[in-house]
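Residues per chain, in single letters:
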Amino acid sequence: MASFKGTYVHQLDAKARLALPSRLRGQIPEGGTLTVSAENCLTFYPASLWSDVERELSTLDPLNPDARDTKRQIFGSAEDVTFDKQGRIPIPVHLRDHAGLTKEVVVMGVGDVIELWDATAWQKRHVRIAADASDIMRRARGGVPLSP
């Protein structure tokens, strides 16, 4: 399984294509699936992980309206993408609109996925995360303190 890490700033070109860093792209030569995230960013799933997402979403209760809306949001926005010869992927307008992508895009490896953020939106979010990092990490671990 791929392990993505690092933060990079890239530009959308005139045709709304984005070059992913070769360090990340090299782990996923087959491309993957790009869709909306719960935050105002996009998530790129490698093909192998996307099948797990599909499987997990298929287990949601079809009688639960939140489950149906989640599936609508994720599947309805999803686009399979492959790299062109320059290592670029197209970012469709509905995905650019969701994440507010205009020109400068932060491409971030987040473990098993890659996130795409509008640079200004990411900067604001990052300031909030950095200011509260220890509490955020503690809550993410269920209140268990991090090892020294």
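Residues numbered from 1 in each chain as written. Predicted model: local features only at pLDDT ≥ 70, side-chain atom pairs only at ≥ 80, totals over all residues. Heavy atoms only, no water.

A. Representation of the packing of aromatic side chains within the structure. By the definition in use, this model includes 4 aromatic pairs. Judged by centre distance (6.4 Å) and plane angle (35°), the ring pair of Phe 44 and Phe 83 falls under tilted. Taken together, the residues span a long stretch of sequence, with Phe 44 in strand β4 (residues 42-46) and Phe 83 in the loop between β5 (79-81) and β6 (88-90) at a distance of 39 residues. Judged by its relative accessible area of 1%, Phe 44 is buried. Relative accessible area serves as the criterion here: at 17%, Phe 83 is assigned to the buried category. Measuring from ring centre to ring centre gives 5.4 Å for Tyr 45 and Trp 50, while their planes differ by 55°; the resulting arrangement is tilted. Judged by relative accessible area, which is 8%, Trp 50 ranks as buried. Following the ring pairs from residue to residue traces out a cluster consisting of Tyr 45, Trp 50 and Phe 75. (Phe/Tyr/Trp six-rings, centres within 6.5 Å; stacked < 30°, edge-to-face > 60°. Helix = DSSP H or I, 4+ residues; strand = E, 2+ residues; numbered from the N terminus. Buried < 20%, exposed > 50% of the residue type's maximum accessible area, 1.4 Å probe, protein only.)

B. Representation of the packing of helix α2 (residues 47-58) against helix α3 (residues 65-77) within the structure. Two numbers describe how α2 lies on α3: the axes approach to 11 Å, and their chain directions differ by 160°. Taken together, α2 and α3 sit at an angle that is classed as roughly antiparallel. In this structure, the crossing between α2 and α3 has a hand that is left-handed. The residues of α3 that touch α2, namely those facing Trp 50, Glu 54, Leu 57 and Ser 58, are Thr 70, Lys 71, Ile 74 and Phe 75. Counted by class, the contact of α2 with α3 contains 4 nonpolar, 2 polar and 2 charged residues. (Axes fitted to C-alpha atoms, helices over the stretch in contact; angles between N-to-C directions. Parallel < 35°, antiparallel > 145°, perpendicular 65-115°, else oblique. Left-handed = near helix turned anticlockwise from the far one by under 90°. Contact = heavy atoms within 4.5 Å. Nonpolar A, V, L, I, M, F, W, Y, C, P; charged D, E, K, R; others polar.)

C. Up close: the pattern of salt bridges. Taken as a whole and assessed by the stated rule, the structure comprises 8 salt bridges. Between Asp 13 and Arg 17 there is a salt bridge, and its shortest N-O distance comes to 2.7 Å. Its relative accessible area of 23% is what places Arg 17 among the partly exposed residues. The structure contains a network of salt bridges with shared partners spanning Asp 13, Arg 17, Asp 84 and Arg 88. (Salt bridge = Lys/Arg side-chain N within 4 Å of Asp/Glu carboxyl O.)

D. Here's a closer look at the side chain of Arg 88. By secondary structure assignment, the location of Arg 88 is in strand β6. A distance of 2.7 Å separates a polar atom in the side chain of Arg 88 from a polar atom in the side chain of Asp 84. A polar contact of 2.8 Å, which involves the side chain of Arg 88, links it to the side chain of Gln 86. Excluding anything up to four places from it in sequence, Arg 88 contacts Asp 13, Arg 17, Leu 18, Ala 19, Thr 82 and Phe 83. (Polar contact = N/O pair within 3.5 Å; in protein donor to acceptor, adjacent residues only side chain to side chain.)

E. Molecular detail of the environment of Phe 75. Counting through the fold element by element, Phe 75 comes out in helix α3. Under the relative-accessibility criterion, Phe 75 is labelled partly exposed at 32%. Here the alpha-carbon distance between Phe 75 and Pro 65, two residues 10 residues apart in the chain, equals 15 Å.

F. The arrangement of the sheet that holds strand β3 (residues 32-36) in detail. What the 6 strands build is an open sheet, ordered β1-β7-β8-β4-β3-β5; its pairing is antiparallel. Because the sheet does not close on itself, it has two edges, and the strands there are β1 (4-11) and β5. Going from strand to strand, the sheet's axes swing by 25° on average, the running direction of each strand aside. As paired strands, β3 and β4 are joined by 5 bridges and run antiparallel to one another. Opposite Gly 32, over in β4, you have Pro 46 as the bridge partner. (Pairing = 2+ DSSP bridges.)

Structural measurements only, silent on function.
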